[in-house]
Amino acid sequence: MLFGVTQTTEASAVQDQESESERKRRRTRVHRAWFVAAVTFVTILGAAAFRSLPGLLIDSLHQEFHWSRGTIGLAVSVNLALYGLTAPFAAALMDRFGIRRVVAVALLVIAIGSGTTVWMTAAWQLILCWGLLVGLGSGSMALAFAATVTNRWFTERRGLVTGILTAASASGQLIFLPLLSWIVSEHSWRPAAVTVALAALAVVPFVWLLLRDHPADVGLKPYGAPEFVEKPPPVPGAARRTVNVLFSAARTGPFWLLAGTFAICGASTNGLIQTHFVPAAHDHGMPITAAASLLAVIGVFDVLGTIASGWFTDRFDPRRLLAVYYALRGVSLLFLPMLLAPSVQLPMVFFIVFYGLDWVATVPPTLALCREQYGDDSAIVFGWVLASHQVGAALVAFLGGVARDTFGSYDVVWYASGALCAAAALMALVIRRRPGVRVGLAVTPG
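Owing to the predicted nature of the structure, the values given are computational and were not obtained by experimental measurement. (Residues numbered from 1 in each chain as written. Predicted model: local features only at pLDDT ≥ 70, side-chain atom pairs only at ≥ 80, totals over all residues. Heavy atoms only, no water.)

As for the overall build of the protein
Logical step 1: Regarding its fold elements, the protein presents 18 helices and 0 strands.
Logical step 2: Split into buried and exposed, the 446 residues of the protein put 55% on the buried side.
Logical step 3: On the protein, roughly 18,600 Å² of surface is accessible, and the fraction owed to carbon and sulfur atoms is 67%. (Helix = DSSP H or I, 4+ residues; strand = E, 2+ residues; numbered from the N terminus. Buried < 20%, exposed > 50% of the residue type's maximum accessible area, 1.4 Å probe, protein only. Areas by Shrake-Rupley, 256 points an atom, 1.4 Å probe, with all protein chains shown as cover.)

Pasting the structure below:
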């Protein structure tokens, strides 16, 4: 009897030792979620090449085809609008067909759209290739892609991961802007368009081989989750669900405030600076390569600002963060017309550094508020909020070109955008938090 008890005690001790060693091994192993986040980062990084190009092409296309800046801006605005309007449907398609398939197809569409522009001879072809195809492809792997990955693979550190993935686009801008501006200056715009197509194609193998749709696919819990989460079944009727989520969210006040502030965010970043800064600086005698390099510097500080904003979002009230970001952005835009000159001066460097830190710092707190308000539908709701971002960007991309054709300068555009940012700061402050939500909490309560 005593021998049996001894054996049981020894077996229990061995099991305890094995359990302890297994726990230590799991603690030291890097969770697969971080590898998925790394692949997502590289994917967004590679696809960001196409977003670096439109502002560099305005003067080249104007000179070669004699198209007005308003016409070229129209193609860019179609691209930006579709980038946003496609995003919520892409989030639903990822629920139906999986992240990997949707993103791989999107990259192929981007490559086709960018590559075929080298044969265009009419403005409608620019709108078709760069506006329609590239817009649809890019929208299918926009920030809603990052939101879907974050929601599925992480329950902790969501604000930080959102910031890192948002910064991927800026990192791509940092890498590709100097290269593409040099190619446009030295070899014209067509080799630059081909470079964008090749960059999108290069990422496809990474997506197909390394990206996974859900932690359950590899037998893991989401990062930080207390228990295993079953992979949800495919959701049929992706388009119907996307529209239903929109109708449901549109009956709530926070949706319109989030959509309105994010529309102004898009107007003052993608639509304004990314599209019109290079030609505006060139109007003041600055070389295109120098202006493009300044945009690349924005990309450097965008990475830092967005990651820091994700960290702040995990700890502070996202509404107040948004109000600070928009207010400071609006003030900086009011000073920009006085800073443009033939050469880069120190005040312009200060503007570029600040604007980079603030560029998409708005994304982590906006996404956190979407999660808080809309729970499991937050990725699709954020897709619709992102659609408003791109509609705002599209309007300013088009109207900015029209203003330049009409007034001979961009000054009125800078001032109007600064005023809009002030309005966005006030809108952010009146968003109501859900009852029981702690300040800085970026996950859905309950």
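Examining the packing of aromatic side chains
One pair of aromatic rings is described through two measures. These are the centre distance and the angle between the planes.
Logical step 1: With the rule as written, the count across this model stands at 12 aromatic pairs.
Logical step 2: Taken together, a centroid distance of 5.0 Å and an interplanar angle of 70° make the contact between W34 and F154 edge-to-face. With W34 in helix α2 (residues 32-47) and F154 in the loop between α7 (143-153) and α8 (158-187), this residue pair connects regions lying 120 residues apart in the sequence.
Logical step 3: A connected cluster of aromatic rings, assembled from ring pairs, spans W34, F154 and Y223. (Phe/Tyr/Trp six-rings, centres within 6.5 Å; stacked < 30°, edge-to-face > 60°.)

Focus: the packing of helix α13 (residues 288-313) against helix α16 (residues 363-374)
Logical step 1: Across the interface, α13 lies against α16 with an axial gap of 8 Å and an inter-helix angle of 35°. The residues of α16 that touch α13, namely those facing T306, S309, G310 and T313, are P364, P365 and A368. (Axes fitted to C-alpha atoms, helices over the stretch in contact; angles between N-to-C directions. Contact = heavy atoms within 4.5 Å.)

Looking at the pattern of salt bridges
Side chains that carry opposite charge are capable of pairing whenever their charged atoms lie near each other.
Logical step 1: Evaluation of the coordinates by the stated rule reveals 5 salt bridges.
Logical step 2: A salt bridge links D283 to R404, with the nearest nitrogen and oxygen atoms 2.7 Å apart. Pair noted here: D283 is in helix α12 (residues 270-283) and R404 is in helix α17 (residues 378-407), with a separation of 121 residues, a long-range link.
Logical step 3: Under the relative-accessibility criterion, D283 is labelled partly exposed at 36%.
Logical step 4: For R404, a relative accessible area of 16% corresponds to the buried category.
Logical step 5: Between D317 and R319 there is a salt bridge, with its nearest N and O atoms 2.8 Å apart.
Logical step 6: Here D317 falls in the buried class, since its relative accessible area comes to 6%. (Salt bridge = Lys/Arg side-chain N within 4 Å of Asp/Glu carboxyl O.)

Remarks on unusual backbone geometry
Logical step 1: Located in the positive-phi region is H66, a residue other than glycine, with phi close to 60°.
Logical step 2: Along the polypeptide, H66 turns up in the loop between α3 (54-65) and α4 (69-97).

Re the packing of helix α11 (residues 253-268) against α12
Logical step 1: Direction vectors running N to C along α11 and α12 enclose 5°, while the axes themselves pass 3 Å from each other. Here α11 is positioned roughly parallel relative to α12, judged by the angle of their axes. Contact residues: G266, A267 and S268 in α11; N270, G271, L272 and I273 in α12.
Logical step 2: Counted by class, the contact of α11 with α12 contains 3 nonpolar, 4 polar and no charged residues. (Parallel < 35°, antiparallel > 145°, perpendicular 65-115°, else oblique. Nonpolar A, V, L, I, M, F, W, Y, C, P; charged D, E, K, R; others polar.)

Observations regarding the side chain of S60
Logical step 1: Along the polypeptide, S60 turns up in helix α3.
Logical step 2: S60 has contacts with V184 and W189, leaving out every residue within four places of it along the chain.

Considerations on the environment of V391
Logical step 1: Inspection of the secondary structure puts V391 in helix α17.
Logical step 2: Through-space distance from the C-alpha of V391 to that of L85 is 8.0 Å; in sequence the pair is 306 residues apart.

A look at the confidence of the model for the protein
Logical step 1: Mean pLDDT for the protein: 80, with 87% of residues reaching 70 or above.
Logical step 2: Per-residue pLDDT stays below 50 along residues 438-446; that stretch engages in 23 contacts with residues further than four places along the chain or on separate chains. (pLDDT = per-residue confidence, 0-100.)

Details of a nonpolar patch on the surface
Logical step 1: On the surface, a cluster of nonpolar side chains totalling about 530 Å² of accessible area is made up of L74, L85, V391, L395, F398, L399 and V402.
Logical step 2: Listing elements by their share of the nonpolar patch, those giving two or more residues are α4 and α17.
Logical step 3: When residues in the nonpolar patch are grouped by element, the largest group, 5 residues, is from α17.
Logical step 4: Locating F398 in the fold gives a position in helix α17. (Patch = residues over 30% accessible without salt bridge, like charges linked within 9 Å, V, L, I, M, F, W, Y side chains within 5 Å.)

Digging into the side chain of N79
Logical step 1: In this fold, N79 is placed in helix α4.
Logical step 2: Once you skip the residues sitting within four places of it in the chain, N79 turns out to touch W130, G131, V134 and G135.

Thoughts on the nonpolar core
Logical step 1: In terms of nonpolar packing, the biggest core is built from 87 residues, with L53, L56, L61, I273, F277, M348 and F351 touching the most fellow members.
Logical step 2: For this core, the element with the highest residue contribution is α17, accounting for 10 residues.
Logical step 3: Among residues more than four places away in sequence, those in contact with I273 are S268, L295, I298, L333, L336, F351, Y355, W359 and W414.
Logical step 4: Counting 29 residues, the second largest nonpolar core, distinct from the first, contains I99, V161, A197 and V203. (Core = buried A, V, L, I, M, F, W, Y, C linked by side-chain atoms within 4.5 Å.)

Digging into helix α15 (residues 346-358)
Logical step 1: For α15, with 13 residues, the first-to-last C-alpha span of 19 Å sits near the 18 Å given by 1.5 Å per residue.
Logical step 2: The complete set of buried residues in α15 reads M348, F351, I352, Y355, G356 and D358. The buried residues of α15 occupy one face: seen down the axis, they fall within an arc of 165°. Those residues of α15 that are exposed and aimed more than 90 degrees away from the buried face are L346 and F350.
Logical step 3: Check the buried side of α15 and you find it contacts α11, α12, α13 and α14 (318-339). (Expected span 1.5 Å × (residues − 1). Arc of directions from axis to C-beta.)

Description of the environment of D302
Logical step 1: Looking at the element boundaries, D302 is found in helix α13.
Logical step 2: Sequence spacing of D302 and F354 is 52 residues, and the spatial spacing of their C-alpha atoms is 9.1 Å.

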